[in-house]
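So the chains spell out like this:
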Amino acid sequence: SIAFLLVTSLAAPLSMAAGTILVVGDSLSAAYGIDKQRGWVALLQQRLRQESPGFEVVNASISGDTTRGGLSRLPDALERESPAVLVLALGANDGLRGFAPEQTRENLRRMIVQARDTGASILLLGIKLPGNYGSVYGEKFHRIYLDLAREEQVELVPFFLEGVAETRELMQADGVHPGVEAQPRILDNVWAGLAPLLAE
């Protein structure tokens, strides 16, 4: 009926308007050391207004957080925000502190499962450690993300600081945190993995 068509055509934009993208990360996503409005997550909200209107970003990133911390606070965040998409950007601090890769992997896997159980799509943002952490540990650590994405069938950005971490001018003085100029590049990296999920 015409009434039914009207209702269904109205329902599509309304459901779009309810789309929340929840970002759970650490200082790399919390705009550490720079103006929050110039961090990649804030820039993501601006891009969404232009390219995927109706989606809202909630940034639940905490500087210094680990996958263990993320795992403990994710259930509350999922319940509170009911996200359409979870962007999982944790693990850097696990690696910098030398945590066992198996534990980091298991924490991330459990977060993926928790989010999937709520119906959220998941984008996993991969991390590579600085070279001074050793090639063996660094390779084992990076493999966490590649393996998890394949095993759990989630969208992956293999290294979301690609083109940034290896460029000295784009990093802050500490050499660990990206500067303001790096943020649009980080957003482009993330967007490559996020856009297909939004299209679904």
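Our subject is the structure listed above.
Not measured: the values here are computed from a predicted model. (Residues numbered from 1 in each chain as written. Predicted model: local features only at pLDDT ≥ 70, side-chain atom pairs only at ≥ 80, totals over all residues. Heavy atoms only, no water.)

Asker: How should I be thinking about the packing of helix H3 (residues 67-81) against helix H5 (residues 101-117) in this particular structure?
Answerer: Helix-helix packing: each pair is described by the crossing angle between the helix axes and the interaxial distance. It is at 9 Å that the axes of H3 and H5 come closest, and there the two elements cross at 10°. Regarding the angle of H3 to H5, the classification is roughly parallel. Counted together, Thr67, Arg68, Gly70, Leu71, Leu74, Pro75 and Leu78 of H3 and Thr104, Asn107, Leu108, Arg110, Met111, Gln114 and Ala115 of H5 form the full contact between these two elements. Broken down by class, the residue content of the contact of H3 with H5 amounts to 7 nonpolar, 5 polar and 2 charged. (Axes fitted to C-alpha atoms, helices over the stretch in contact; angles between N-to-C directions. Helix = DSSP H or I, 4+ residues; strand = E, 2+ residues; numbered from the N terminus. Parallel < 35°, antiparallel > 145°, perpendicular 65-115°, else oblique. Contact = heavy atoms within 4.5 Å. Nonpolar A, V, L, I, M, F, W, Y, C, P; charged D, E, K, R; others polar.)

Asker: Honestly, the packing of aromatic side chains in this entry has me stumped. Any pointers?
Answerer: For any pair of aromatic rings, the description consists of the separation of the ring centres together with the inter-plane angle of the planes. Per the counting criterion, the structure on display carries 3 aromatic pairs. Look at Tyr137 and Phe141: their rings are 6.2 Å apart centre to centre, the planes differ by 35°, and that puts the pair in the tilted class. Of the two residues, Tyr137 and Phe141 both sit in helix H6 (residues 135-152), 4 residues apart, roughly one turn of that helix. A centroid spacing of 6.0 Å and a plane angle of 65° characterise the contact between Phe141 and Tyr145, whose relative ring orientation is edge-to-face. Linking Phe141 with Tyr145, this pair stays in helix H6, spanning 4 residues, or about one helical turn. (Phe/Tyr/Trp six-rings, centres within 6.5 Å; stacked < 30°, edge-to-face > 60°.)

Asker: For this particular structure, what's the right way to read the nonpolar core?
Answerer: The nonpolar side chains of a soluble globular protein tend to be buried with one another. With 58 residues, the main nonpolar core has Ile21, Trp40, Val87, Leu108, Leu125, Phe160 and Leu194 as its most contacted residues. By residue number, the principal contributor to this core is helix H7 (residues 183-199), which donates 7 residues. Among residues more than four places away in sequence, those in contact with Ile21 are Leu48, Phe55, Glu56, Val57, Val58, Val85, Val87, Leu194 and Leu198. (Core = buried A, V, L, I, M, F, W, Y, C linked by side-chain atoms within 4.5 Å. Buried < 20%, exposed > 50% of the residue type's maximum accessible area, 1.4 Å probe, protein only.)

Asker: Help me out: how do you make sense of the sheet that holds strand E1 (residues 20-25) in this one?
Answerer: Within a sheet, adjacent strands bond to each other through the backbone by hydrogen bonds, running parallel or antiparallel. Taken in spatial order, the 5 strands line up as E2-E1-E3-E4-E5 in an open sheet, and their pairing is parallel. Sheet topology places strand E2 (56-59) and strand E5 (155-157) at the edges, where each strand pairs with a single neighbour. Strand-to-strand, the axes of this sheet are offset by a mean angle of 20°, without reference to chain direction. Of the strand pairs in this sheet, E1 and strand E3 (residues 85-89) are connected by 5 bridges, and their pairing is parallel. Looking at E3, one finds that Leu22 is bridged to Leu86. The sheet contacts of helix H2 (residues 40-51) involve E1, E2, E3 and strand E4 (121-125), and relative to E2 the element is tilted by about 170°. Of the strands in this sheet, E1, E3, E4 and E5 touch H7, which is tilted by about 170° from E4. (Pairing = 2+ DSSP bridges.)

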